[in-house]
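# Remarks on the overall topology
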Amino acid sequence: MKIDTGTTAWMITATALVLLMTPGLAFFYGGMTRAKSVLNMMMMSFVSIITVTIAWVLYGHSLAFDTFGDGSGFLNKIIGGGDALGLQSLVDTATKDDGTGMPSLVFSAFQLTFAIITVALISGAIADRAKFGAWVVFGVAWATLVYFPVAHWVWGGGWLAGLGIEDFAGGTVVHVNAGAAGLALAFVLGKRTGWRKDPMRPHNLTLVLLGVGLLWFGWFGFNAGSELAVDGTAGLAFMNTQIATAVAAGAWLLVEKLRDGHSTTLGVASGAVAGLVAITPACGFVDPWAAGVLGAIAGTVCAYAVGLKYKFGFDDSLDVVGVHLVGGAIGAVSLGIIAAYPFADGQEKGLLYGGPISQLGVQALGPLVVGLYSFAMAWIIGKIIDKTMGFRIDQEEEVTGIDITTHAETGYDLGTVHSSGVASVNGPVPASAKKVDA
């Protein structure tokens, strides 16, 4: 087996960076929930690492990246084959025969981390109210029936790849996919008890900022690593990731200042994620100036899109739809206009660079089809789980707090907290002291 040691070293590093994003997401989501739900929210991310890893090793890699038959038949456009079941056939093989690639298992591990975080992203739409066991079952079923096939459609030589879709690191495969599934589950489980009546503010914004910092750091592996090489395109993807994220965070803060009169820590965190999401499909295809424009658009649009749940009446608890579905679609479709560096067969430049309008059509078709497929399958899977084992905890457990009723733990043991923010562990709380909302 001949490999490029530089590429291999970078891809091992990038894989570790992307895996770190899921614990980062756990902190980000955990801080955004109420205190009585923080452990459950974080567990939904961590258990995704477990379940998706097992599914990926057994059959996920095969379904996503293996070739069905000789690769020319109809089935190969839809799903991969079974030659890599258990990953045994990848041992001591390389991604390229000429010595410029990496060990096949490193490539597989890198792609596994994408599958993990895509499942974990969905959980933010159903915070506070989902049965933990039901979530585990859903995660495995959705990864099997949705993520693995969609990854094959776009990255594994499937039908969207054949049309020339451009998705450098997962705007369609990861973010539109997860956002649409989150929307479906928000409908299946319904609104949280007290939604729009009780305060449901983030309980720990320091955790949110810690989480977004880890996400921002790991996203460089997510985007630049998707070049699967150490070259100029990887450098372009790296820089574009930074530009779009910073501009989007600033745009969100500006919207808040003009609309609400103040800029918030939740806003800078959400804006950064919106920029990361939008640049994901585009990072290796666009010029730096375009990354800045894309970040500005994503930060502005997503700042307003997170309010759609109030207008249409669905409880997307942590704004998976407003940030990931909307931001992912913005980034994906934008390539039909601003793509400057297509590199795969069938891909074209955007309209600004003289490319055909057909590329814009493909860039719109991909998110549309994937979004509809993911929504429909997530709704079906969710309904089956709800009718068989139940997907939602009962109202009493939800009001008490899912951490204590499901996991027999609490995120904090600080005694009773006064409205002043001072913890009392030695005596009763004065009647005049108002408890902080949990």
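The text that follows walks through the structure, step by step, so that each part is easy to find. No experiment lies behind these values; they were computed from the predicted model shown.

## Here's the deal with the overall build of the protein chain
Per the secondary structure count, the protein chain includes 16 helices and 2 strands. Since a compact globule built from 438 residues should have a radius of gyration of about 22 Å, the 22 Å found for the protein chain is in line with a globular shape. Its C-alpha atoms give the protein chain principal-axis dimensions of about 75 × 45 × 40 Å. Look at the contacts in the protein chain between residues 6 or more apart in sequence, and 76% of them connect residues 24 or more apart. Split by element, the accessible area of the protein chain, about 17,400 Å² in all, is 65% carbon and sulfur. Taken together, the 22 basic and 30 acidic charged side chains of the protein chain have centroids lying 13 Å from each other.

## Notes on the nonpolar core
Judged by nonpolar contacts, the single largest core of 106 residues is most densely connected at Phe28, Trp135, Phe138, Trp142, Phe222, Val286 and Phe391. For Phe391, the residues in contact, after removing those within four places along its chain, are Ile126, Arg129, Ala130, Lys131, Ala134, Trp135, Phe138, Leu185, Leu189, Gly382, Ile385 and Asp386.

## Re the packing of aromatic side chains
On inspection of all chains with the given rule, the structure shows 21 aromatic pairs. On the numbers, 5.1 Å between centres and 50° between planes, the contact of Trp153 with Tyr373 is tilted. Of the two residues, Trp153 sits in helix H5 (residues 132–155) while Tyr373 sits in helix H14 (residues 357–388), which places them 220 residues apart along the sequence. An aromatic cluster is built from Trp56, Tyr59, Phe65, Phe107, Tyr147 and Phe148, whose rings are joined through pairwise contacts.

## Focus: a nonpolar patch on the surface
A grouping of Trp289, Val293, Ile297, Val301, Ile337, Leu351, Leu352 and Ile357 is seen on the molecular surface, where their side chains present a nonpolar patch of about 720 Å² in accessible area. Looking at the nonpolar patch element by element, the count peaks at 4 residues for helix H11 (residues 288–305). Structurally, Leu351 can be placed in the loop between helix H13 (320–338) and H14. For Leu351, a relative accessible area of 36% gives the class partly exposed.

## Thoughts on the packing of helix H7 (residues 171–189) against H14
Following both chains from N to C, one finds H7 and H14 inclined at 40°, their axes separated by 7 Å at the closest point. Classified by the interaxial angle, the pair formed by H7 and H14 is oblique. The handedness of the crossing between H7 and H14 is right-handed. Each of Thr172, Val176, Asn177, Ala180, Ala181, Leu183, Ala184, Leu185, Phe187 and Val188 in H7 lies in contact with H14, whose residues at this interface are Gly366, Pro367, Val370, Gly371, Ser374, Phe375, Ala378, Trp379, Gly382, Lys383 and Asp386. Looking at the contact of H7 with H14, its residues break down into 13 nonpolar, 6 polar and 2 charged.

Criteria and thresholds
- Residues numbered from 1 in each chain as written.
- Predicted model: local features only at pLDDT ≥ 70, side-chain atom pairs only at ≥ 80, totals over all residues.
- Heavy atoms only, no water.
- Helix = DSSP H or I, 4+ residues; strand = E, 2+ residues; numbered from the N terminus.
- Rg over C-alpha atoms; globule rule 2.2 N^0.38 Å.
- Contact = heavy atoms within 4.5 Å.
- Areas by Shrake-Rupley, 256 points an atom, 1.4 Å probe, with all protein chains shown as cover.
- Lys, Arg positive; Asp, Glu negative; His and termini not counted.
- Charge placed at Lys NZ, Arg CZ, Asp CG, Glu CD.
- Core = buried A, V, L, I, M, F, W, Y, C linked by side-chain atoms within 4.5 Å.
- Buried < 20%, exposed > 50% of the residue type's maximum accessible area, 1.4 Å probe, protein only.
- Phe/Tyr/Trp six-rings, centres within 6.5 Å; stacked < 30°, edge-to-face > 60°.
- Patch = residues over 30% accessible without salt bridge, like charges linked within 9 Å, V, L, I, M, F, W, Y side chains within 5 Å.
- Salt bridge = Lys/Arg side-chain N within 4 Å of Asp/Glu carboxyl O.
- Axes fitted to C-alpha atoms, helices over the stretch in contact; angles between N-to-C directions.
- Parallel < 35°, antiparallel > 145°, perpendicular 65-115°, else oblique.
- Left-handed = near helix turned anticlockwise from the far one by under 90°.
- Nonpolar A, V, L, I, M, F, W, Y, C, P; charged D, E, K, R; others polar.

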